[in-house]
Amino acid sequence: MTRPGEATAPQSALIFLALETSCDETSAALVRRSRNRFEVLSNVVSSQIPLHRPYGGVVPELASRQHLALVQPVVNRALRAARVSIREIDGVAATYGPGLASSLLIGLTMAKALAVSLRKPFVPVNHLEGHLWSPFLNDKAHMPPHIALIVSGGHTLLVRVSARCRARLLGLTLDDAAGEAFDKVAKLLGLGYPGGPVIDRLAREGNPAAISFPRGLLQSDNWDFSFSGLKTAVLYFVKKLQASNSEPRISKKQLADICASFQEAVVDVLVAKTLRAAQAHRLSLITVSGGVACNSRLRAKMRAQASPLQIRFCEPRFCTDHAAMIAAAAFARLHRASKNDLQRDVEPNARLPEN
Ligand code: KG4
Ligand code: ZN
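On a predicted model such as this, the values are computed, not experimentally measured, just so you know.

Participant: Sorry, what's going on with the packing of aromatic side chains here?
Facilitator: Each aromatic ring pair is summarised here by two numbers: the centre-to-centre distance and the angle between the ring planes. Within the structure shown, the criterion is met by seven aromatic pairs. Taking 5.7 Å as the distance between ring centres and 80° as the angle between the ring planes, the aromatic pair formed by Phe-213 and Phe-237 counts as edge-to-face. Within this pair, whereas Phe-213 is found in the loop between α6 (195–203) and α7 (228–244), its partner Phe-237 is found in helix α7, the two being separated by 24 residues in sequence. On the basis of relative accessible area, Phe-213 is assigned to the buried category, the value being 4%. Between Phe-225 and Phe-227 the ring centres are 6.2 Å apart and the planes differ by 10°, which places this aromatic pair in the stacked class. For Phe-225, a relative accessible area of 0% puts it in the buried group. By the ring-pair criterion, three or more aromatic residues cluster together here, those being Phe-16, Phe-38, Trp-133, Phe-136 and Phe-331.

And the structure:
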């Protein structure tokens, strides 16, 4: 019999229950890996966006209380939606970091308790590894060599994935994540939270060349990013505009132009640096995941400029945080699972494991 937390030898088909509570989504998923394919049986995401909206960002204390209230109902819904009984699962996984400590603790503790009581392996998963796997959900359970751009509310990084699925961090944001820049600019424009989707929508009516905002680190000879200067440039532009307008309100046309020009500055840097990284590392495949991968301009511009490179965007429903990607990453780590994993603590500042 397998002892709690101990790995079983890989079988032909395995079903994992995964939990993700690193930020403001309480999520549980059932994923089956069979014949080298991932099949998402259910992926329940209970978003806390309405709860945090009045504050213009995630409030950690509110987030963890909400995770605590929701985690069990969300697990039950995931099991029901997958038509899987809890006795049929072969292992439990959860995110240990990076993320908000008090939020991570809820999913991690629940997953450990389930693994112990069911006497099944427990696999702690790095959230960023989940994002790396997310473009491959419902597909082959294998990552070919590629350059991965992970671009979300908390992260912006470029990763090189080798033929043996080894991830190497190439560069990351030195200040704000790209999604954070969308959220902060939306807040200063009074557009609400989260900012990405609303700026994306308003930008469609605007001129992306109307305002020349800075493209941070575009020409630098490394793979790092910087978006805080851009956010400040938007702030000063808006202040100046309000001072020069006959009334402080920004017109609809001005707002659309600011959104389109800001978005273009973010997209230009993401596209140029990602394509350059793929060329420099002689890799023909690029993946893009994380919440900002939903951005329509990023998707269009990356595709238009990528040829002859191949681009694989995460499906929009798998771009933002969810537990199915955590299950996929857990399968890749299963051969290394050990009962010591039950001692794994949350790691709010965990970096992408380079292995
Ligand atoms: O991956 P995610 O759920 O959070 C982190 O793991 O950090 O991504 C959420 C982020 C938010 O900052 C949101 O504004 C951004 O993704 N986002 C977008 C779009 N949809 C979501 N940013 C730009 N354009 C979008 N369409
Ligand atoms: Zn994320």
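So much for the structure itself; the text now carries on.
Participant: Looking at this structure, I do not really get the coordination of the zinc ion (ligand 2). What am I missing?
Facilitator: By definition of the ideal shapes, four donors in a tetrahedron about a metal sit 109.5 degrees apart, and six donors in an octahedron sit 90 or 180 degrees apart. Protein-derived ligands of the zinc ion (ligand 2) are His-127 (NE2), His-131 (NE2) and Asp-321 (OD), with the metal-ligand distances lying across 2.0 to 2.1 Å. Bound by four donor atoms, the zinc ion (ligand 2) shows angles of 91 to 142° at the metal and therefore irregular coordination geometry. Along the chain, the residues donating to the zinc ion (ligand 2) are arranged with the sequence spacing H-x3-H-x189-D. Residue His-127 and its partner His-131 are located together in helix α4 (residues 127–133), separated by four residues, close to a single helical turn. An identical accessibility class is assigned to His-127 and His-131; each is buried.

Participant: Even after reading the chapter, I still don't get the pairing of strand β10 (residues 310–313), so can you show me in this structure?
Facilitator: Both faces of the sheet carry side chains from a regular strand, because those side chains alternate between them. Only one face of β10 is buried: it carries Ile-311 and Phe-313, and the other face, with Gln-310 and Arg-312, is open. Two strands pair when backbone bridges link them, and strand β9 (residues 285–289) and β10 are joined in this way by four bridges, in the parallel orientation. Directly across from Ile-286, in β10, lies its bridge partner Ile-311. Taken together, β9, helix α9 (residues 296–306) and β10 form a β-α-β motif whose crossover is right-handed.

Participant: Teacher, can you tell me more about the packing of helix α5 (residues 178–188) against helix α8 (residues 252–280) here?
Facilitator: Helix-helix packing is described using two parameters, namely the angle between the two axes and the distance between the axes. Following both chains from N to C, one finds α5 and α8 inclined at 175°, their axes separated by 11 Å at the closest point. Our classification of the angle between α5 and α8 gives roughly antiparallel. On α8, the residues touching Ala-178, Ala-181, Phe-182 and Val-185 of α5 are Phe-262, Gln-263, Val-266 and Leu-270. Grouping the amino acids of the contact of α5 with α8 by side-chain chemistry returns seven nonpolar, one polar and no charged.

Participant: Help me out: how do you make sense of α5 in this one?
Facilitator: Residues spaced three or four apart along an α-helix face the same direction, because each turn holds 3.6 residues. Those residues of α5 not exposed but buried are Ala-178, Gly-179, Ala-181, Phe-182, Asp-183, Val-185 and Ala-186. Tucked inside the fold, the buried residues of α5 contact β6 (146–151), β7 (156–161), α6, α7 and α8.

Participant: Looking at this model, I keep getting lost on the nonpolar core. Mind explaining?
Facilitator: Soluble globular proteins tend to pack their nonpolar side chains together in the buried interior. Counting residues in each nonpolar core, the largest one holds 89 residues, and the members touching the most others are Leu-132, Leu-189, Phe-262, Leu-270, Val-288, Leu-298 and Met-302. Among the elements that take part in this core, α8 stands out by supplying 14 residues, more than any other. If we ignore the near neighbours within four places in the chain, the residues touching Val-288 are Pro-135, Leu-149, Val-151, Ala-293, Leu-298, Met-302, Arg-312, Phe-313 and Cys-314. Leu-70, Ala-82, Ile-106 and Ala-350 belong to the second-largest nonpolar core, a separate cluster that totals 31 residues.

Participant: Whenever I open this one, the pairing of β7 confuses me. Can you help?
Facilitator: Burial analysis of β7 places five of its six residues in the buried class, which makes it a mostly covered element. Where β6 and β7 come together, six bridges link them in antiparallel fashion. Residue pairing in the sheet places Leu-149 in a bridge with Leu-158 of β7. Once β6 ends, the chain turns through four residues before running back antiparallel as β7. Sheet topology places β7 next to strand β8 (residues 167–172); five bridges connect them, and they run antiparallel.

Participant: Just to check I follow, could you spell out the side chain of Ser-220 for this structure?
Facilitator: Among the structural elements, Ser-220 can be located in the loop between α6 and α7. Classification of Ser-220 as buried rests on a relative accessible area of 18%. Looking at Ser-220, its side chain comes within polar contact range of the main-chain oxygen of Leu-217, at 3.0 Å. Apart from residues no more than four positions distant in its own chain, Ser-220 is found in contact with Lys-273 and Arg-276.

Thresholds applied
Residues numbered from 1 in each chain as written. Chains lettered and ligands numbered in written order. Predicted model: local features only at pLDDT ≥ 70, side-chain atom pairs only at ≥ 80, totals over all residues. Heavy atoms only, no water. Phe/Tyr/Trp six-rings, centres within 6.5 Å; stacked < 30°, edge-to-face > 60°. Helix = DSSP H or I, 4+ residues; strand = E, 2+ residues; numbered from the N terminus. Buried < 20%, exposed > 50% of the residue type's maximum accessible area, 1.4 Å probe, protein only. Donors = N, O, S within 2.8 Å, 3.2 Å for Na, K, Ca; no water. Tetrahedral: all angles 85-135°; square planar, octahedral: opposite > 155°, others 65-115°. Pairing = 2+ DSSP bridges. Right-handed = clockwise from strand over helix to strand, strands pointing away. Axes fitted to C-alpha atoms, helices over the stretch in contact; angles between N-to-C directions. Parallel < 35°, antiparallel > 145°, perpendicular 65-115°, else oblique. Contact = heavy atoms within 4.5 Å. Nonpolar A, V, L, I, M, F, W, Y, C, P; charged D, E, K, R; others polar. Core = buried A, V, L, I, M, F, W, Y, C linked by side-chain atoms within 4.5 Å. Polar contact = N/O pair within 3.5 Å; in protein donor to acceptor, adjacent residues only side chain to side chain.

Any functional reading would require information that these geometric values do not contain.
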